[in-house]
Structures are given as structure tokens and as C-alpha cells.
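# Observations on chain architecture
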Amino acid sequence: MTETVLETDGLTKRFGKLTAVDDVSLSVSDGEFRSVIGPNGAGKTTTFNLITGALSPSEGVVRFKGEDITNVAPHERVGRGLGRSFQITNVFGGLTVRENVRLAAQSVYSDEINPGEALFRDKNGFEEIAEQTRTVLEQIGLQDRADEHAEALAYGDQRRLELGLVLATDPDLVMLDEPTAGMSSEETQATMNLIDEVLSDRSLMLIEHDIDLVMRVSDRITVLTRGEELASGTPEEIANNEDVRDAYLGGVRE
Amino acid sequence: MVAADFIEQLLNGLTLGMVYVLLAAGLSVIFGVMDVINFSHGELFALGAYFSLSIIAPFGAGTGFWIAIVVAPVVVGLIGAAIERTTVRPLYGRDPLYHILLTFGLVLVINDVIRLIWGTQQRQLAVPEYLSRPVSILGVQVSVYNYFMIVFAALLAVVTWYLLNRTKYGMIIRAGSQDREMVRNVGIDIDQYYTLVFGVGAALAAVAGIVLGGYQNVNTGMGNSVIIPAFVVVVLGGLGSFRGAVFGGLLVGVVQTLMRAYSGSVLATFGDTTLTVPNLEGLTVYLLMIAVLLVKPQGLFGTRGEESDGEGEILVGGYGGVLADSTRVRLGGIAVVALALAPIAILFMGDQYYLVVLNEILIWAIFALSLDIVMGYAGLVPLGHTMFYGVGAYTAALVMLHYSQSVFVVLLGAILICAVLAWVVGSLSIRVSGVYFAMITLAFAELLYSAVFKFDFTGGSDGLLGFEAFLGLGTVGESLSNIEFGLLGYELGQQFVFYYLALLIAVLSFLFARRMMNAPFGSVLQSIRESEERAEFIGYDVNRYKRRAFVISGGMAGLAGGLLAVSPSTVIISPDQTLNWIHSGEVIVIALFGGMGTLYGPMIGSGVFFGAEEFLSSYTDQWRLIIGTMFILFVLFVPRGIVSIPSLVAQRLETANNADGAVDMDEPEVRSDD
């Protein structure tokens, strides 16, 4: 196995008396496609939010690329290479497609922009940012629609842009929260192809409902139930795991 | 004797507190259920008092008072319901910001109707003789009316509580204030209840107006004077919480009254040191409000989570409308040239007064522009923006009086002090969002407003005077008032010089803001307005950007205030002219009216607002009525402001041309499933 990119150690989140995430210790290797599955209420989204920083844990540690990021602000985690996409498309609707991507690219370079430039220099005058923007637009195939407002795009294109925003921040690990929720099977296939196309060289962590999908695409799978880690392993191992079959595969899939 | 005196003050405080309870109950429930920040609540309160004046007159105080206290609230309640039906209803689902514009318009309209019908003179509301008698119980002497107010208001509060908690209607309304969507999801048409809530809220306000009118007097400013304390009560108790309104109302009433009575009096003496009550009258409630908002933004009794509802859409001035960029630049150039030549036209007309109006427009254009930076770009709505305008003006006046008369030093001082103030206020306020941010900035502004009355160096309620600006630096230059030169036989004075100075600064401010919005910093602000969460998760420290925007905006508003002090038409810088909350409302209204999120829109808004005010007031006394109506019509039909009119017109023409199945430009809804 290669280096570990993300690690959680005893991650726990309690809301009052409810323990949503209970002592979860994960480890994602560099370049791995990891999926986290589990029935409703298993603590998938809470785990996701603890890793991205939208919530802070009651106990436990999150380590990213070897550093403890448990108390690091969400935007700072993005800066360190931890990107995330949203379940419901969340792009800057009133801005152009190019500006959407450019903003994401700018965030990577914002440390190199001095205050004077930040206030007064034309935002389109930064060659590195413009270059990165062009590359990403090409990768997501929206270069022809770059001057349209994001809200005018068709749904599928908005999903592409959503991924483009993540991509433009040049993340090492991308957290994907049910990227195919509410999609038809063709749309799901198209989205997974896109993820494969543009994000395959990065580590991925996918929160997902759809077991068939997860079985096809993942390197490793973690199964959560009632906030606890039930099993982790390759798709074959998970498919053959008795506990998983009892707790999840057997029960929920009608 | 001390104890009796204290109890007397306590009773006075409770009396006032009960009025606040009645006012705040409606305001709070209206906000909780409908998300409407209702500035016109104070005018409905006044309307109650005025109606009862007219009802009491023919019957006499004995029976008239009792008829009035039943009939007037019913009438005001019906008016409230009608207002909800016709004006508030079309705005549901939009950002609460638009309710500010709407209800601000309603304030102007209702207030002017009151002036029109009842005149501007202060009136006495006659109460039955047996109520106005003083009575002494256990050595405490207050009038029977105090006891009547407390008991009557308490009864009403109990009835309201019963209706809210023990009836089906009340349950639905309370559920609506917790989570409106959920109520809809269980199949109840909550919208139907809005009219009822608004009507009952208005009726309770009217009762409060009658009760307080009988205690003090009836005047056209009474609505204005209670609305801010009522907001404080609502925020303290928790937006949407009836229990909170009761507790908050009594607390504010008692604290206000006790602080007024005992400020500066000796509390205790320990040897050489005497402990006195600090002179914080007027400040205490705002300090309390800020503290509560910082520690528990949802208020003492509030249960609503922060931002439990997805906020409504903020409509910016449109994406440049139908006019091409080059056209707009050319139009802007023409506007500047026209403004530069305007004094010559005014010279020929021979009335320099127009120049005074233009100067005011330019100052407010800068003020409105500064607001647009935070409101139109960073999505922050400060309800206390006039604190920077006011502090800028005070700073400028103080610098001129004590330090330097140089215009450049004066304006720089105003900018710097306001930027620092904005940094402090912003650091504290930006942690809370949405309506809580609006309220906390309001509290800071009111705190400063009350504070300038307290200090000698700010001149108390008189304000500052006797300052003069010097156009230059060091000894090079000339006093503004000494500047006078002739041109083609016309006398040109300080108004001209100041006009060009203000025009130059306005143009530079605009260019600065435009440059900034096209630079990396401004682009991030726009992304925050579009989606704060997304901006955060592409790696931006959202709060830091907001705080910086707030500092820049505060500095620019300070510049506008500084210019006000420098202006030759300004003789006095007084609290009401600069720090009164009404200016915070006005500047929001002007920015929305012009078209926010465009930078030039708010500046145009300033021109149209003051131009219309000047023009209308020279023809009719009812100009407020007309401007208020204009606001209401705009918020209903032209929500993107004046700057969106060209594209609205173009759209109309388009639909008229291809009448068969024309495509509506405003609805790119074809995105769904293709």
C-alpha cells in the first residue's frame, strides 16, 4: 500500500443523546477510490461533514496528509487539498461558467496575490489562474458555454460545472456526497464516467446509497451502520461479508 | 421613602413595558411566521391613537374612551389585514430586505396620511376622569391610569397567549413560526393565516398606541419613537417568540425607566469611594441587545435555529440589462460631463439652491455606493449603516475644530476612524448572519446615536458647530468660505468649489469600487453573494472577506459623512441629522430603489430620491405620501430598481412583438430534464 492521504481516529459525533458517528477510524490511501455506504441514518453524511469541517467532532482526530486537521477551518482544509462536491448542485448561478471556474482556480493562488493586486488588478489578468481555468473548462467540456450564466445551464452541465469547481481547486482528495442522487440510470452512468474522466488521478471518497454503483467503481468500501464502522474491504470482501449481508444487503434491498 | 420612590419608578417602568409587550408581540409573531421586518408597525401604533382621538371627540372622554379602545384597534386591524393582502403578500419568498423597502414606504405613506387628516400638532388623548386621578397605595403615588394600563395590557397579553397556545389557529401559527415548510408539508395552507396574524398584530399595536397616547400624548413622531425599542424587545426576547416579547418588553420598559430615574445617583459609599450608577441612560438596552445577539443570537426565548429557512432570493440590478457595456460606459461619461456642466446651467437660472441639492445628492450617492459594496456584493444587510455616515461627520467636525482644517486631513481622518469602527463592529457582527446581522448593526448604530448625546466633546443634543474647512494643506490653500471669484459677471462661491470637490470624490469612489469588483477581491465578494457555502468550500475564508468589505464600506460611508461636515451648507452636525436610524433605512431604500449590486444604481437612486423629494416638496405638502407610494410600487413591480427599467421595457416590447408563444426572458426554466 502507498501513503495514507486521509485518516480518522476514533471519530465521534454526538448530538445530545444521539451518537451519530461512533468511534469511526478510517484510512484512505493515496490514489484510492473509497466509498462509504450504509443505510439511512448510518452516519454517512455526518462523517462526511466531520471530514470536510462543516461539523466539529465530539471526540477523535482527522488527519490529512499526515497533519492533524481536526481544528482547521473548512476553507483552510480546501487550501490544503481537501475538496468537496455538493449533493444538490451548488454553483454560482448568477456568474458565468468561466467565472465560476476562475474563482475556484483563484482560491488556489490567493496566497500569491498581494493586497494591492487583490483590490485593484483586473481579475482576468493573472496568467496562471487563466491557464488553470482554461484547462478545467476543457476537461469538463464546457469551454463552448463558458460565457453563459451557470444558472442557464442544463442540469447535467451544472453537475459538470460542480465537479469543475472541485477540480479547479486542485485537490488531492475529493469528497463526493451522493453525486448521483435523484438521477436516472443514464444520468448516473454519465456522471460516473465524468468522475472517472476528470478525477481518476486523485484520491476519492464517495458517500453513496446505491450499492450496485459502489460495487462497480470502488477500490475499497467502508460500511457504516448506526454510526459505527461495520466492515471495510474490497468490493468482493464486502459482498462476501456475513455481517454486511445481514445488516445491510439483506435488510434494505427489497 | 427611597423604597416608595423605587416602587413608583418600577411601576412606571412596568407601564411602559406593557406598551412594549403589546407592540412587540405582534412584531415578533409577524416576523416569526412571515419573516417580515415590519417597520410600519410603529405607524399602525400611531394610527390607533389617532383613530381614537376622532372617536372620543363626539362621545366625550367618559364613554368615548371605551368605545375607542374597542373600535380603533378593530379598524387598524382591518387596515393591517388589507395591507398584508395587497402589498406584503406578493413579496413572500423574497429576501426580508424587500420588506424593509416596502414597510419603509408604508411608514412614509401612513405617516403622511396622519399629517393630512389630523395635522402635525401634538394632541391630548382624553381619558375618563376617574382614570387620570392620582392614587396612593402604601405610600406609592401614581395615577390610576398606570394600574389600568398594566392590568389592561396584561389581560390582552393573557388572551393573546391563550389564543396562541390553546386554540387550533394559534397552534398552527406557532408551528409556522418554528418551521413554515413543515406546516405546508402536513397539508395546512399557512399563507391563509398570514392575513390574520398581520391584522391581529396591527390591532395589538393600535391598542398600545391608544394606551400610551392616554399616558403621554399623541403626536406624529410617536410611531418613529417606539419602533426601535420595539425591535430591541423582539430581538432580546427572540424573534418569533411570544414569551420572549413579554419578557423583553417588561425588561426594556423597566430598565429604560430606572436608568432614566437613577442615572448618576449615588448607590453606596465606602469610606472615600462612592459608587454611583453609571450614566448609561439610553445605552443600556442597546448594550444588552448586542450582548444577547453575540451570546445567543436567537434571543433569550427564541427557538428558531439560525437561518432555519433558506433565505429568499436577493434581486440585484440585473446583469447589465439590455445595454451593452460600451453603451453604459458612454452613458456614464455623458452623466459625468452633464454633472460637470450643471453649475453653469444653474448659474444662468440664478438660483444657487439647486447646487445645494446637487451637493446633497452627491454626498448620498457616495453613502449609497458604500452600502452597495456590502449589501449588493457581499450579501450583508446592515440596518445601522448610518453609524459610519454619522461618525464620519462627527470625526470631520472634530478634526476641523481641534486639529486641522485641511479638507484632505479631515476626510482622511473620517475614513480612517470609520474603517477602524467598521473593523470592530464587523469583527463582532459578522459571526451572526442574516437578520441577526442587520439587528446587531442597528444596535451599534443606536448605541452611538445615544452616546453622542452623553458627551461634551460631541456637543450633546445640540451637536457641533463653528467649524470650517480649508481647501488645501498646511498653509497653502484657502478657506472654503473665503473662496469667491467672478466669472462672466457672475459670483461664484464656496458652493461651486465644494460641488466640484464632491463630484470628483464621487466619481473616484465609483471608479475605485468598480475596479475593486473586477479585481480578485471583489470577485470573491460576488461569489459569496451567490453562495456562501460554495465560496467556503472552494477555499475562501468567507468571514474575512466580509469583514474586509465591511471595513472598506465603512470607510467610504465615513467619507460621505466627512463631506457632509465639509459642505458649506452644513452649519451644525447634530445627532438626528447623522446618526438617527431613519438614515440607515433611507440609504437601504435608495440603494434598492436605484438597483443594488450595480454600483451605479444606488448612485442614480440617490439622485432620483432627493431630486423627487425636492421637486415634489415644492409643489405639495404630501410629498412623503407620493414617495412612499413610489417605493411600494417599485418593490412590487420593479424590484431590481431603476436600472432594470430599460430591460423591463425591452422585455415588454419583445413579448408584444412575438405575441404567439413568446419566450419570457426572465425565466430560463428550460433547464430541468434535458
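Just so it is clear, the structure is predicted and the values come from calculations on it, not from any experiment.

## Section: the overall build of chain A
A tally of regular secondary structure across chain A gives 10 helices and 11 strands. Computed over the C-alpha atoms, the radius of gyration of chain A is 19 Å, within 12% of the 18 Å expected from 2.2 N^0.38 for a compact globule of 254 residues. Its C-alpha atoms put chain A at 60 × 40 × 35 Å along the principal axes. For chain A, long-range pairs separated by at least 24 residues make up 69% of all intrachain contacts whose partners lie at least 6 apart in sequence.

## Focus on the overall build of chain B
Broken down by element type, chain B carries 26 helices and 10 strands. Relative to its full complement of 674 residues, chain B shows a buried share of 51%. Of all intrachain contacts in chain B linking residues separated by at least 6 positions in sequence, the fraction that spans at least 24 positions is 78%.

## Comments concerning the environment of Val-524 of chain B
Structurally, the position occupied by Val-524 of chain B is in helix α19 (residues 520–530). Distance in space between the C-alpha atoms of Val-524 of chain B and Gly-384 of chain B is 24 Å, their sequence separation being 140 residues.

## Observations regarding the interface of chain B and chain A
Facing 25 residues of chain B, the contacting portion of chain A comprises 31 residues. Of all the secondary-structure elements, those providing two or more residues to the side of chain B that touches chain A are α18 (494–517), α19 and α20 (532–537) of chain B. Considering every element that reaches the side of chain B that touches chain A, the biggest residue donor is α19 of chain B, with seven residues. Partitioning the side of chain B that touches chain A into residue classes produces nine nonpolar, seven polar and nine charged.

## Quick notes on the domain arrangement of chain B
Residues and elements named next belong to chain B. On domain assignment, one finds that chain B holds domain 1 (2–260) and domain 2 (354–648). At the interface, 24 residues of domain 1 touch 21 residues of domain 2. Counting residues per element, the ones that place at least two in the side of domain 1 that touches domain 2 are α4 (97–118) and α10 (222–237). The dominant element in the side of domain 1 that touches domain 2, judged by the number of residues it contributes, is α4, at 14 residues. For the side of domain 1 that touches domain 2, the per-class residue count stands at 20 nonpolar, three polar and one charged.

## Overview of the nonpolar core
Counting residues in hydrophobic clusters, the biggest one holds 280 residues, and the most contacted among them are Leu-22, Leu-23, Ala-206, Ile-366 and Met-439 of chain B. Ignoring sequence-local partners within four residues, the contact set of Ile-366 of chain B consists of Ile-505, Ala-506, Ser-509, Met-556, Leu-559, Ala-560 and Leu-563 of chain B.

## Topic: the packing of helix α2 (residues 41–59) of chain B against helix α9 (residues 191–215) of chain B
Residue and element names in this part refer to chain B. Contact geometry of α2 with α9 gives a least axis separation of 7 Å together with a crossing angle of 55°. Here α9 runs oblique to α2, going by the angle between their axes. Handedness of the α2/α9 crossing: right-handed. Of α9, the residues touching α2 (which contributes His-41, Leu-44, Phe-45, Ala-46, Leu-47, Gly-48, Ala-49 and Ser-52) are Ala-202, Ala-205, Ala-206, Val-207, Ala-208, Gly-209, Ile-210 and Gly-213. Looking at the contact of α2 with α9 residue by residue, the class counts come to 11 nonpolar, five polar and no charged.

## Concerning the confidence of the model for chain B
All names here are of chain B. The share of residues in chain B with pLDDT of 70 or more is 89%, and the mean pLDDT across the chain is 84. Scored below 50 in pLDDT, residues 305–312 makes 13 contacts in the model with residues more than four places away or belonging to other chains. Contacts of residues 661–674 to residues separated by more than four positions or lying in other chains number 14 contacts, the stretch itself having pLDDT below 50.

## Remarks on helix α21 (residues 542–566) of chain B
End to end, α21 of chain B covers 36 Å across 25 residues, agreeing with the expected 36 Å (1.5 Å per residue, within 8%). Counted residue by residue, α21 of chain B has 23 buried out of 25 residues, so it is predominantly covered.

## Brief notes about the domain arrangement of chain A
Parsing chain A into structural domains produces domain 1 (1–81 + 172–187 + 201–254) and domain 2 (90–170). If you average the C-alpha positions of domain 1 of chain A and of domain 2 of chain A, the two centres end up 28 Å apart.

## Points about helix α24 (residues 600–617) of chain B
All names here are of chain B. Helix length check: α24, at 18 residues, gives a terminal C-alpha distance of 26 Å against a target of 26 Å (1.5 Å per residue), a fit within 8%. Taken residue by residue, α24 has Tyr-600, Gly-601, Pro-602, Met-603, Ile-604, Gly-605, Ser-606, Gly-607 and Phe-609 as its buried positions. Looking at the buried residues of α24, the elements they touch are α13 (325–349), α14 (353–377), α18 and α23 (581–594).

## Description of the environment of Thr-86 of chain B
Along the polypeptide, Thr-86 of chain B turns up in helix α3 (residues 61–88). When the C-alpha atoms of Thr-86 of chain B and Leu-636 of chain B are compared, they prove to be 9.9 Å apart, with 550 residues separating the residues in sequence.

## Details of unusual backbone geometry
Residue and element names in this part refer to chain A. Within the chain, Glu-178 stands out as a residue other than glycine whose phi angle is a positive 40°. Among the structural elements, Glu-178 can be located in the loop between β8 (173–177) and α7 (185–199). Its 19 C-beta neighbours within 10 Å are what place Glu-178 among the partly exposed residues.

## A closer look at the pairing of strand β1 (residues 4–15) of chain A
Residue and element names in this part refer to chain A. In this sheet, strand β3 (residues 27–29) lies alongside β1 in antiparallel orientation, the contact comprising three bridges. Of the residues in β3, the one forming a bridge with Leu-6 is Val-28. In the sheet, β1 pairs with strand β5 (residues 59–64) via five bridges, with the strands oriented antiparallel. Counterpart to Thr-12 in the pairing with β5 is Glu-59. Pairing between β1 and strand β2 (residues 18–24): four bridges, direction antiparallel.

## Topic: the sheet that holds strand β7 (residues 82–84) of chain A
All names here are of chain A. Spatial ordering of the open sheet is given by β7-β8-β9-β4-β10-β11, a layout of six strands whose pairing is mixed. The open sheet is flanked by β7 and β11 (228–233), the only strands paired with a single partner. Across the sheet, the mean angle from the axis of one strand to that of its neighbour is 20°, orientation sign disregarded. Note: β7 against β8, three bridges, orientation parallel. Looking at the pairing, Leu-82 lines up with Leu-173 of β8.

## Some remarks on the confidence of the model for chain A
It should be kept in mind that the predicted coordinates are not to be read in detail where pLDDT is low. Confidence in the prediction of chain A, expressed as mean pLDDT, is 87, and 96% of residues score 70 or more. The least confident element of chain A, judged by mean pLDDT, is helix α10 (residues 242–252) of chain A at 67; the most confident is helix α3 (residues 97–109) of chain A at 93.

## Let's talk about the pairing of strand β4 (residues 33–37) of chain A
All names here are of chain A. With five of five residues buried, β4 lies mostly within the body of the structure. Of the two faces of β4, the one lined by Phe-33, Ser-35 and Ile-37 and the one lined by Arg-34 and Val-36 are each fully buried. When β4 meets strand β10 (residues 220–225), the two strands line up parallel, connected through four bridges. Across the sheet, residue Ile-37 finds its bridge partner in β10, namely Val-223.

What counts, and at which threshold
Residues numbered from 1 in each chain as written. Chains lettered and ligands numbered in written order. Predicted model: local features only at pLDDT ≥ 70, side-chain atom pairs only at ≥ 80, totals over all residues. Helix = DSSP H or I, 4+ residues; strand = E, 2+ residues; numbered from the N terminus. Rg over C-alpha atoms; globule rule 2.2 N^0.38 Å. Contact = placed C-beta atoms within 7 Å. Buried ≥ 20, exposed ≤ 12 C-beta atoms within 10 Å, placed from the backbone. Nonpolar A, V, L, I, M, F, W, Y, C, P; charged D, E, K, R; others polar. Domains from an automatic or database assignment. Core = buried A, V, L, I, M, F, W, Y, C linked by C-beta atoms within 7 Å. Axes fitted to C-alpha atoms, helices over the stretch in contact; angles between N-to-C directions. Parallel < 35°, antiparallel > 145°, perpendicular 65-115°, else oblique. Left-handed = near helix turned anticlockwise from the far one by under 90°. pLDDT = per-residue confidence, 0-100. Expected span 1.5 Å × (residues − 1). Pairing = 2+ DSSP bridges.

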